[in-house]
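Each chain, letter by letter, is given below.
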Amino acid sequence: MKISVVGTGYVGLVTGVSLSEIGHTVTCIDIDENKVNKMRQGKSPIYEPGLDEMMTKNIESNRLFFTTDHKQGFEGADVIYIAVGTPEKEDGSANLAFVEQVAKDIATNIKKDTIVVTKSTVPVGTNHKVKQIIHINLVNDVKVDIVSNPEFLKEGSAIEDSFHGDRIVVGSESAQAADIIEEINKPFGVTVYKTDIRSAEMIKYASNAFLATKISFINEISNICERVDANVEEVAEGMGMDKRIGSQFLKAGIGYGGSCFPKDTKALIQIAGNVDYEFELLKGVVNVNKKQQALLLNKLNERLPDLKGKRIALLGLAFKPNTDDMREAASIVVTENLIKAGAEIVAFDPIATENAKTLLSEKVNYAESAEEAIKGSDAALILTEWDEIKNVNREVFDTMNYPLVIDGRNCFKLEEMRERRVEYHSVGRPSINNDFKKIYA
Ligand SMILES: NC(=O)c1ccc[n+]([C@@H]2O[C@H](COP(=O)([O-])OP(=O)(O)OC[C@H]3O[C@@H](n4cnc5c(N)ncnc54)[C@H](O)[C@@H]3O)[C@@H](O)[C@H]2O)c1
Ligand SMILES: O=c1ccn([C@@H]2O[C@H](COP(=O)(O)OP(=O)(O)O[C@H]3O[C@H](CO)[C@@H](O)[C@H](O)[C@H]3O)[C@@H](O)[C@H]2O)c(=O)[nH]1
């Protein structure tokens with residue numbers, strides 16, 4: 001099949017590269033010239049394990065092309081995937097301007113019957129709007145079928161998820177178009193679930209909202225665990241053994257971030273609000289997450305009420321490990337507050353530093369390693385569970401000005417930290433080395 005993919009972000013590029021890997025001829029289109037130039041040279045503009053290698057291989061096999069020109073990119077395409085961003089607007093609803101622009105570009109450029117597939121996460125009813133926009137602006141006499149095909153990949157394991165996902169959702173009014181999309185995806189060997197367009201659109205939001213709910217739920221449980229001296233990790237493990245609950249997405253921490261959960265939960269609240277339905281549960285999930293992001297700051301504040309001139313090591317800046325994505329990362333809120341309180345920040349992230357520099361205050365200093373950031377600090381805050389942070393040389397805690405470690409991702413075993421000369425606070429687990437705390441006070 002000849003396929004075009006519009007938008008080469010985390011979703012578009014991974015989709016394009018994966019479809020070329022299973023034998024399709026794919027042209028990826030992006031309006032960002034810098035990105036396109038990079039990709040033509042086989043360099044991915046985003047960090048995603050395994051992506052560069054797969055990209056280079058398929059460029060060399062003449063199955064993968066990049067362009068900034070929509071007309072050229074749509075030439076001869078049987079199927080066009082829309083994978084542009086749908087960021088949050090000020091009121092929490094999804095901004096559909098990029099999707100609508102692509103719909104217009106499709107209408108004015110296609111010269112043959114085409115299936116238009118929406119991969120972007122879009123509110124219920126958007127695919128019908130896309131269909132309308134295309135029909136109003138269509139220049140040539142061609143047939144266009146619309147398919148909703150939401151994406152479920154996770155950043156940091158996007159390639160793995162594309163080839164081993166749990167399901168591929170295909171929503172369409174045309175059984176023939178749905179069959180073609182199923183056929184295109186067959187080599188992935190992933191179960192295809194066919195439904196109507198509106199249900200497909202809703203499956204995406206409902207899935208993200210449910211996962212976000214699991215996270216806020218375990219975070220609330222973790223807050224109670226701290227107050228009753230229970231250990232949230234053992235609680236989550238015991239809960240997860242019940243197959244009806246499942247063990248995934250029960251990791252307590254400093255809340256969810258990233259480009260999807262924060263915006264998609266708010267968008268679903270808006271989608272419900274538009275039909276006069278108050279999604280109370282999801283509003284609670286969002287509020288709990290906001291509170292949870294302040295957890296580290298509260299714990300730090302309890303121990304060091306005056307942060308003026310204090311050197312704080314920030315370990316991990318990306319919203320999760322194995323990505324360079326900083327969108328809605330807890331590090332943004334934490335940094336702003338620390339700077340406001342007069343602290344001196346030395347941050348470390350193995351991959352996201354370049355992106356962080358464009359987002360965080362100029363006052364933030366960056367270290368080349370976790371050890372370098374920790375050395376000489378008055379406290380270390382762990383925000384992302386990168387391997388480089390989990391495997392930090394433990395001896396470095398001895399070089400801190402005061403060995404206060406506040407771990408927002410439960411990176412270290414309590415037994416191990418009990419043996420160290422360190423005051424250690426984590427999430428939903430008992431704090432340790434309080435004797436040491438007395439000595440310092
Ligand atoms: N990031 C994820 O993990 C993920 C996973 C599942 C679904 N989604 C959804 O997929 C969509 C894309 O997300 P993303 O994170 O890949 O976005 P992104 O912001 O990383 O990338 C979007 C890309 O689209 C390009 N673009 C914008 N307008 C264009 C146009 N008219 N023509 C060509 N290119 C254009 C931008 O330059 C950018 O490179 C969103 O709706 C998101 O909610 C994201
Ligand atoms: O048990 C957990 C699991 C995750 N998180 C946090 O939740 C956020 C999101 O993590 P994750 O879901 O792994 O990453 P995303 O790349 O944002 O992927 C989510 O959002 C995508 C965009 O819609 C969907 O496609 C994916 O299915 C969905 O998992 C991160 O801040 C994690 O630290 C937790 O705090 N505890």
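The written sequence of each chain sets the order in which its residues are numbered from 1. Labels are handed out in written order, letters beginning with A for the chains and numbers beginning with 1 for the ligands. Per-residue local features of the predicted model are confined to residues with pLDDT of at least 70, and side-chain atom pairs are confined, for both listing and counting, to 80 or more; whole-chain, interface and lining totals are unaffected and use all residues. Only hydrogens and water are removed before side-chain values are computed, so all heavy atoms of the structure are retained for them.

Under an unreviewed UniProt entry, the chain has the name UDP-glucose 6-dehydrogenase and belongs to Aquibacillus rhizosphaerae. UniProt positions are given in the numbering used here, feature names are shortened, and annotations may be inferred rather than shown by experiment. Here the chain is described in UniProt, under the heading Catalytic activity (unreviewed entry), as follows: "UDP-alpha-D-glucose + 2 NAD(+) + H2O = UDP-alpha-D-glucuronate + 2 NADH + 3 H(+)". Its UniProt record, at the heading Sequence similarities (unreviewed entry), says of the chain: "Belongs to the UDP-glucose/GDP-mannose dehydrogenase family."

> An account of the pattern of salt bridges is requested, with residue identities and associated values reported.
A pair is scored as a salt bridge if a Lys or Arg side-chain nitrogen falls within 4 Å of a carboxyl oxygen belonging to Asp or Glu. What the rule picks out here adds up to 25 salt bridges. Residues Lys-154 and Asp-161 are paired through a salt bridge, measuring 3.1 Å at the closest nitrogen-oxygen approach. For each residue, the accessible area found with a 1.4 Å probe, counting protein chains only, is set against the maximum for its type, and the residue is called buried under 20%, exposed over 50%, and partly exposed in between. We classify Asp-161 as buried; its relative accessible area is 15%. Salt-bridge contacts for Asp-179 lead to Lys-194; the nearest nitrogen and oxygen are separated by 2.7 Å. Note that Asp-179 is positioned in helix H8 (residues 175-185) and Lys-194 in strand E8 (residues 192-195), a separation of 15 residues in sequence. On the accessibility criterion, Asp-179 (40% relative accessible area) is partly exposed. You can call Lys-194 partly exposed: its relative accessible area is 36%. Look at the salt bridges and you will find they share partners, linking Glu-155, Asp-325 and Arg-327 into a network. The numbering of helices and of strands both runs from the N terminus, where a helix is a DSSP run of H or I of at least 4 residues and a strand a run of E of at least 2.

> Go over the packing of helix H9 (residues 197-228) against helix H10 (residues 232-240) with me, naming the residues and quoting the values.
In this analysis an axis means a line fitted to C-alpha atoms, helices contributing only their contacting stretch, and an angle means the value between N-to-C directions, from 0 to 180 degrees. Closest axis-to-axis distance for the H9/H10 pair is 9 Å, and the angle between their directions is 135 degrees. Between H9 and H10, the angle falls in the class oblique. At the point where H9 passes H10, the crossing takes the right-handed sense. Packed against H9, whose contacting residues are Phe-217, Ile-218, Ile-221, Ser-222 and Cys-225, the element H10 presents Val-232, Val-235, Ala-236 and Met-239 at the interface. Considering only residue class, the contact of H9 with H10 consists of 8 nonpolar, 1 polar and no charged. Roughly parallel here means an angle under 35 degrees, roughly antiparallel means over 145, roughly perpendicular means 65 to 115, and every remaining angle is called oblique. In this scheme, a crossing is called left-handed if the near helix is turned counterclockwise away from the far one by less than a right angle; it is called right-handed if the turn is clockwise. By definition, residues are in contact when any of their heavy atoms lie within 4.5 Å. Gly counts as polar in this scheme, as do all residues outside two lists: the nonpolar Ala, Val, Leu, Ile, Met, Phe, Trp, Tyr, Cys and Pro, and the charged Asp, Glu, Lys and Arg.

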